[in-house]
Amino acid sequence: MSGKQQSKRVTIEQKPVVIPDFSIKELLAVIPPHCYKRSTLRSLSYVMMDLTIIASLCKLSYVLDGLLTPEYISLPYTALYPAARFSVWALYSFISGLFGFGLWSIAHECGHYGFSEYKWVNHAVGWVLHSGLGVPYFSWRISHAKHHAATSHVDRDEVYVPRTRTEMGLPPFDPKNEDVLGSSVSENLQRELWEAIGDSPIGGLLTNVAYLVLGWPAYVFVNASGNSGYPKGTNHVSSASPIFRPEHRSHVILSNIGIMVWLWAVYLSISRWGFFEVFRAYGATYLWVNHWLILITFLQHADPLIPHYRQSEFTFARGALSTINRNLLGDLGSTMGRFGAFATHGVSEIHVVHHVSSKIPHYHAWEAMDALRRLLSTRGICLDGRPGGWAEMYRVFRECKFVEDEGGVVFYKNAYGLAAGRPVAMENATDVHDSGVDLGVSSDSD
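A quick note: this is a predicted structure, and the numbers were derived from the prediction, not measured.

What counts and how
Starting from 1, residues in each chain are numbered consecutively following that chain's sequence as written. The model is predicted, so local features are restricted to residues of pLDDT at least 70 and side-chain atom pairs to those at 80 or more, both for listing and for counting; the totals for chains, interfaces and linings are taken over all residues. Values reported for side chains reflect all heavy atoms of the structure, with hydrogen atoms and water molecules removed beforehand. The way it works is that DSSP assigns letters per residue, a run of H or I at least four long becomes a helix, a run of E at least two long becomes a strand, and they are numbered from the N terminus. We call two residues contacting when some pair of their heavy atoms lies within 4.5 Å. Angles run from 0 to 180 degrees between N-to-C directions of axes, and those axes are lines fitted to C-alpha atoms, restricted for helices to the stretch in contact. Angular relationships are summarised with four words: roughly parallel below 35 degrees, roughly antiparallel beyond 145, roughly perpendicular across 65 to 115, and oblique for the angles in between. Each crossing gets its hand from how the near helix is turned against the far one by less than a right angle, where anticlockwise is left-handed and clockwise is right-handed. Residues are grouped as follows: nonpolar covers Ala, Val, Leu, Ile, Met, Phe, Trp, Tyr, Cys and Pro; charged covers Asp, Glu, Lys and Arg; every other residue, Gly included, is treated as polar. A simple rule labels every residue: compare its accessible area, found with a 1.4 Å probe on the protein chains alone, to the largest value its type can have, and call it buried under 20%, exposed over 50%, or partly exposed in between. To estimate the expected span of a helix, subtract one from its residue number and multiply by 1.5 Å. Whenever two N or O atoms come within 3.5 Å, that pair is a polar contact, provided that in protein one can donate a hydrogen and the other can accept it, and provided that, for residues adjacent in sequence, both atoms are side-chain atoms. We call Phe, Tyr and Trp rings a pair once their centres come within 6.5 Å, taking the six-membered ring for Trp, and we label the pair stacked below 30 degrees between planes, edge-to-face above 60, and tilted otherwise.

Novice: Give a detailed account of the environment of Arg280, specifying residues and quantitative values.
Specialist: Topologically, Arg280 is positioned in helix α9 (residues 275–301). Distance in space between the C-alpha atoms of Arg280 and Phe86 is 9.5 Å, their sequence separation being 194 residues. Apart from residues no more than four positions distant in its own chain, Arg280 is found in contact with Tyr62, Asp65, Trp89 and Tyr92.

Novice: For the packing of helix α3 (residues 80–111) against α9, give the residues involved together with the corresponding values.
Specialist: Any two packed helices are characterised by how steeply their axes cross, that is the angle between the axes, and by the distance between the axes. Contact geometry of α3 with α9 gives a least axis separation of 7 Å together with a crossing angle of 55 degrees. As the angle between them shows, α3 and α9 are arranged oblique. The two elements α3 and α9 cross, and the hand of that crossing is right-handed. Of the residues in α9, those in contact with Trp89, Tyr92, Ser93, Phe94, Ser96, Gly97, Leu98, Gly100, Phe101 and Trp104 of α3 are Arg280, Ala281, Ala284, Thr285, Trp288, Val289, Trp292, Leu293 and Ile296. Partitioning the contact of α3 with α9 into residue classes produces 13 nonpolar, 5 polar and 1 charged.

Novice: Outline unusual backbone geometry, listing residues and values.
Specialist: With a phi angle near 65 degrees, Tyr113 is a residue other than glycine that sits in the positive phi range. For Tyr113, the position within the fold is in the loop between α3 and α4 (119–131). Residue class for Tyr113 comes out buried when judged on its relative accessible area of 19%. Of note in this structure, Tyr160 is not a glycine but carries a positive phi near 50 degrees. Mapped onto the fold, Tyr160 is located in the loop between α5 (137–149) and β4 (184–186).

Novice: Tell me about helix α8 (residues 249–273), and please be specific about residues and values.
Specialist: Residues spaced three or four apart along an α-helix point in a common direction, a consequence of the helix completing one turn every 3.6 residues. Helix length check: α8, at 25 residues, gives a terminal C-alpha distance of 36 Å against a target of 36 Å (1.5 Å per residue), a fit within 8%. Within α8, the full set of buried residues consists of Val252, Ser255, Asn256, Gly258, Ile259 and Trp262. On its buried face, α8 is in contact with α4, α5 and α9. Residue Gly274 follows α8 closely and has a positive phi angle near 95 degrees.

Novice: Kindly report on the side chain of Ser255, identifying the contributing residues and their values.
Specialist: Take Ser255: it is sitting in helix α8. Here Phe138 takes part through its backbone nitrogen, which lies 2.9 Å from a polar atom of the side chain of Ser255.

Novice: For the packing of aromatic side chains, give the residues involved together with the corresponding values.
Specialist: Counting across every chain of the model gives 24 aromatic pairs. Seen in terms of ring centroids, Tyr211 and Phe397 are 5.5 Å apart; in terms of plane orientation they differ by 55 degrees. Their pairing is tilted. With a gap of 186 residues between them, Tyr211 in helix α7 (residues 201–222) and Phe397 in helix α14 (residues 390–399) connect regions that are remote in the sequence. A residue is classified by how much of its surface remains accessible, and Tyr211, at 15% relative accessible area, is buried. Residue Phe397 is classed as buried on the basis of its relative accessible area of 16%. An aromatic cluster is present here, built from Phe101, Trp104, Trp140, Trp216 and Tyr219 joined pairwise through their rings.

Novice: A description of the side chain of Ser43 should follow, citing residues and the corresponding values.
Specialist: Position of Ser43 among the secondary structure elements: in helix α2 (residues 40–67). Looking at Ser43, its side chain comes within polar contact range of the side chain of Tyr363, at 3.2 Å. In contact with Ser43, not counting residues within four places along its chain, are Phe115 and Tyr363.

Take a look at the structure:
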């Protein structure tokens, strides 16, 4: 965004963002029928591939660790031996973390019945894989289904819900000093907003690191970054949590049993081999998996150009198209981009079509996304964002601070009160919303 000073106001040129008005039927109609076919054997082959690669990498790391000694290799300084061994295990945990998240995404696919035609197979595989990664499978599946039903809904979405001006403790909207769409803000108000929610480069970096490391357990246990409409104490481990209904009690119990078995297995492993061995073979990989989970999902649902809706403008199709595809690690070059997509089964690259139809297995989602992309391009809609990586996480985290308290369609504003995007109506719309898009402040904020 480039700005210029006009009468002590900064005015920017915003990017027009087309607000889609497709029906879900129109979106599904362009996807080839065979893309909905699920093969249990083919899906299992990806599980076996991931497990085999991770086990092989672990074995190779142990072999290299044993060779990096003065007995086998001559290095000029003694301190280089532990440094080399550390580098081997650091590289192992990084790569295995990517493939571990590939397993995570397959378990997530099970929760959508995208793994197999058989419901029991989906639940059995999903429960085992997610439990092995410290995820309460059924409990999270329930809240995740609610997320799919209300994606990018300011009041009803379950995760990565934008905080409003009031929730951030900011001064009320002032039409004399700012534009509701975030295209123009006075310099005085910019300073006031920055002092309230701005962060230094180092502060932003440290916040990002903490978010990537602790974001997942914080969401599971205290609903961090979740729907602020839930009361304090909301979590994914108590059947009394407002996330669940009474009939979900058995699902929550099964999820907790999986977590307890996982914790017991970790405890027994540490008792036998010691904390250090368990950490370098499994623990570091586990932390990387959680890191990729937060980075990927955050960037799928947060961007200055993603519209968020209130009830007056929300439809399921609009919510599904308010997500972004990103090439994971693509900012590190095309080779790393291809590797990131391969290791994680394209979970970051095909996310939009997953929200349109979550039962499509990942191995068909590429073709389905291509078909959907062709339709969207006819209306000037592009949902392929910048490559996903740490630099993009940092940029988006600093640019997406809050949304306005009112308005049917809203975009994130940064710490200066400026928004990168502005909504425009889709041409040739056929859905019920083609009468217009609520671009400004509305009293219909539910």
